[in-house]
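Read off the chains here:
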Amino acid sequence: MNKNDLKPAEVFAEFAKINQIPRPSKHEEKMIEYLKSWGESHRLETIVDKVGNVLIRKPATPGMQDRKAVILQSHMDMVCDKLVDLEFDFNNEPIRTHIEGEWLTADGTTLGADDGIGCAIQLAILASDDIQHGPLECVFTRDEETGLTGANGMEAGFMTGDYLINLDSEDEGQIFVSCAGGRNTQASFSFERENAPAGSFFMKGEVKGLFGGHSGDDIDKKRANAIKIMARFIFQEMNRYEGIQLVSFHSGKLHNAIPRDGLFEIAVPNEVKENVRADWNVFATEVEDEFHVTDTQMQFYMESTKESPIIPPALARNFIWALQAVDNGVFAICQDEALGGMVETSSNIASVHSSQTSIDIVSSQRSNVMSNLDNMCATIRAAFELAGAKVSTSDGYPAWKMKADSKLTKLVVDSYKRLFGKDPIVRGIHAGLECGLFSERYPQIDMVSFGPTLRAVHTPDERLHIPTVQMVWDHLLDVLKNIPLR
């Protein structure tokens, strides 16, 4: 397969244009301007609200004016992650793509199909003059990935449709009807550095090549977390030898990604340095064996490094003990049988970065049950407050509850069965979707979410399964053609 074989051609053409436009979360100005100019050049009503969401309206095609209005929605920003050794400027450089078999991927960076492919589908529909549809609103929200700024800031009345189809899902053949709510818990330790004890030897450890992934959708896949691995080793060595000191700790970039790599620096008594090296090698072998299915490319390195002031020993100990103790991964499974054993509640330690005067930690909690989300956040808070950190929890976003009598769900399911001769999977998702916020502000709108198959989102391994884009396109057009009368 080559780029001339990409179908639907009109969707992939729009996606190629989108990937020329830098659009990191919170820096979507160029994308907003592009969408605004695009809508106006096609002579379609185009609105940009006060927070930067873009809405483009297209009138119904002839004979479809009396159908219910449909909102197609995706987010314009993308997660920006890259291979550790790659030089790349997400604020100025286009995403470079290539084809591997049936998959479209990028050259060492995130692909931006989350959710650039949703935006491309919307623009292709807006540009077409031969697709049957009723009144149509295409909404492009900003900063979904790091703060849900667009959905949070959208005022009631911005959207006016009856049905909403969110195009931010990642498994073709699955219709999503609910999602988790989420919050971030931040912890911070402040200190003044000290000189290392006389006779200290300084060592740097590095972990890289972990699979990582989305901290919601991939949290149940039992993948390794670089922060937990490094903390575990330091905890082990602090218990094994007197005088192990912490100099630095760095891992993780994004609040919604499982950390793939990290490094730490420690100072050790000179007489145990070879013991620590040997322990590291044994530890690496054990961890590689533990994750031999999920993380087959793990790499462990250790070398000497320069002398530096240390983090105060008591504080460093509390920090490492908290990281060792804190919950990470799946906490509870949904009890509702209709959701098919989906993860209900989880937590992910997402990033830890030390500076000259502080250690700052970001973790992400999710749940489909808001009371259990409160409990999970309280669990993380307790661990870090007991260790002496200052802790805060963000307001986050609400869960999207399944609507048992959804007419749109029935329409979408019936369309799928008619087109493909099989039942789609109707389920919830443990990741957050903007539908949760929309359901609070627009309780009257009936909503579903579906999209083409993506894998390894939020990582440089992100890839899009090309054949599923055609399937989603055919499915969406059939749904639009069969929207009922008002």
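Look up a bit, the structure's there.
As a convention, each chain's residues are numbered from 1 in the sequence order in which they are written. Only residues with pLDDT of at least 70 get local features here, since the model is predicted, and only at 80 or more are side-chain atom pairs given and counted; chain-wide, interface and lining totals rely on the full set of residues. Calculation of side-chain values draws on the structure's entire complement of heavy atoms; hydrogens and water are dropped beforehand.

## Some remarks on helix 8 (residues 370–386)
Part 1 of the reasoning: Between its terminal C-alpha atoms helix 8 stretches 24 Å, which fits the 24 Å expected from 17 residues at 1.5 Å a residue.
Part 2 of the reasoning: Relative accessibility under 20% of the residue-type maximum defines a buried residue, over 50% an exposed one, and the middle range a partly exposed one, all with a 1.4 Å probe and only protein chains included. Note on conventions: DSSP H or I runs of at least 4 residues are helices, E runs of at least 2 residues are strands, and numbering of each starts at the N terminus. The complete set of buried residues in helix 8 reads Asn 372, Leu 373, Met 376, Cys 377, Ile 380, Ala 383 and Phe 384. End-on view of helix 8: buried residues confined to an arc of 145 degrees, all on one side of the axis. Every exposed residue of helix 8 that faces more than 90 degrees away from the buried side is listed here: Ser 371 and Leu 386. The span one expects for a helix is its residue count, reduced by one, times 1.5 Å. What the arc measures is the spread of directions leading from the helix axis to the C-beta atoms.

## Notes on the sheet that holds strand 5 (residues 103–106)
Either a parallel or an antiparallel arrangement is found when strands of a sheet pair, and the pairing is made through backbone hydrogen bonds.
Part 1 of the reasoning: In this scheme, strands are said to pair when DSSP sees at least two bridges between them. The sheet built from four strands is open, its strands ordered 4-5-21-20 with antiparallel pairing. Each edge of the open sheet carries a strand with a single partner, namely strand 4 (97–100) and strand 20 (454–455).
Part 2 of the reasoning: Alignment of strand 4 against strand 5, held across four bridges, turns out to be antiparallel. Of the residues in strand 5, the one forming a bridge with Glu 100 is Trp 103.

## Considering the packing of helix 9 (residues 407–420) against helix 11 (residues 466–481)
Part 1 of the reasoning: Where helix 9 meets helix 11, the axes come as close as 9 Å, and the angle between the chain directions of the two elements is 125 degrees. Viewed along their axes, helix 9 and helix 11 adopt a mutual orientation that is oblique. Once helix 9 is placed against helix 11, the crossing between them reads as right-handed. Along the contact surface, helix 9 presents Leu 411, Val 412, Ser 415, Tyr 416, Arg 418, Leu 419 and Phe 420, while helix 11 presents Met 471, Asp 474, His 475, Asp 478 and Val 479.
Part 2 of the reasoning: Put simply, Ala, Val, Leu, Ile, Met, Phe, Trp, Tyr, Cys and Pro go in the nonpolar bin, Asp, Glu, Lys and Arg in the charged bin, and everything else, Gly too, in the polar bin. Per-class residue counts for the contact of helix 9 with helix 11 are seven nonpolar, two polar and three charged. Only the contacting stretch of a helix is used when fitting its axis, a line to C-alpha atoms as for every element, and angles between N-to-C directions run 0 to 180 degrees. Roughly parallel refers to an angle under 35 degrees, roughly antiparallel to one over 145, roughly perpendicular to one between 65 and 115, and oblique to any angle outside these ranges. A clockwise turn of the near helix away from the far one marks a right-handed crossing, whereas an anticlockwise turn of less than a right angle marks a left-handed crossing. Contacts: residue pairs with any heavy atoms within 4.5 Å of one another.

## Focus on unusual backbone geometry
Part 1 of the reasoning: Note that the residue after Lys 7, namely Pro 8, is joined by a cis bond; omega there is -5 degrees.
Part 2 of the reasoning: Here Pro 8 shows up in the segment before helix 1 (9–18).
Part 3 of the reasoning: In this structure, Asp 115 follows Asp 114 across a cis peptide bond, with omega equal to 5 degrees.
Part 4 of the reasoning: Here Asp 115 shows up in helix 3 (residues 113–127).
Part 5 of the reasoning: In this structure, Ala 456 is a non-glycine residue whose phi angle is positive, near 55 degrees.
Part 6 of the reasoning: Position of Ala 456 among the secondary structure elements: in the loop between strand 20 and strand 21 (463–465).
Part 7 of the reasoning: We note that His 458 has phi near 70 degrees; this positive angle belongs to a residue other than glycine.
Part 8 of the reasoning: Mapping His 458 onto the fold places it in the loop between strand 20 and strand 21.
Part 9 of the reasoning: Overall, His 458 belongs to the buried group, its relative accessible area being 2%.

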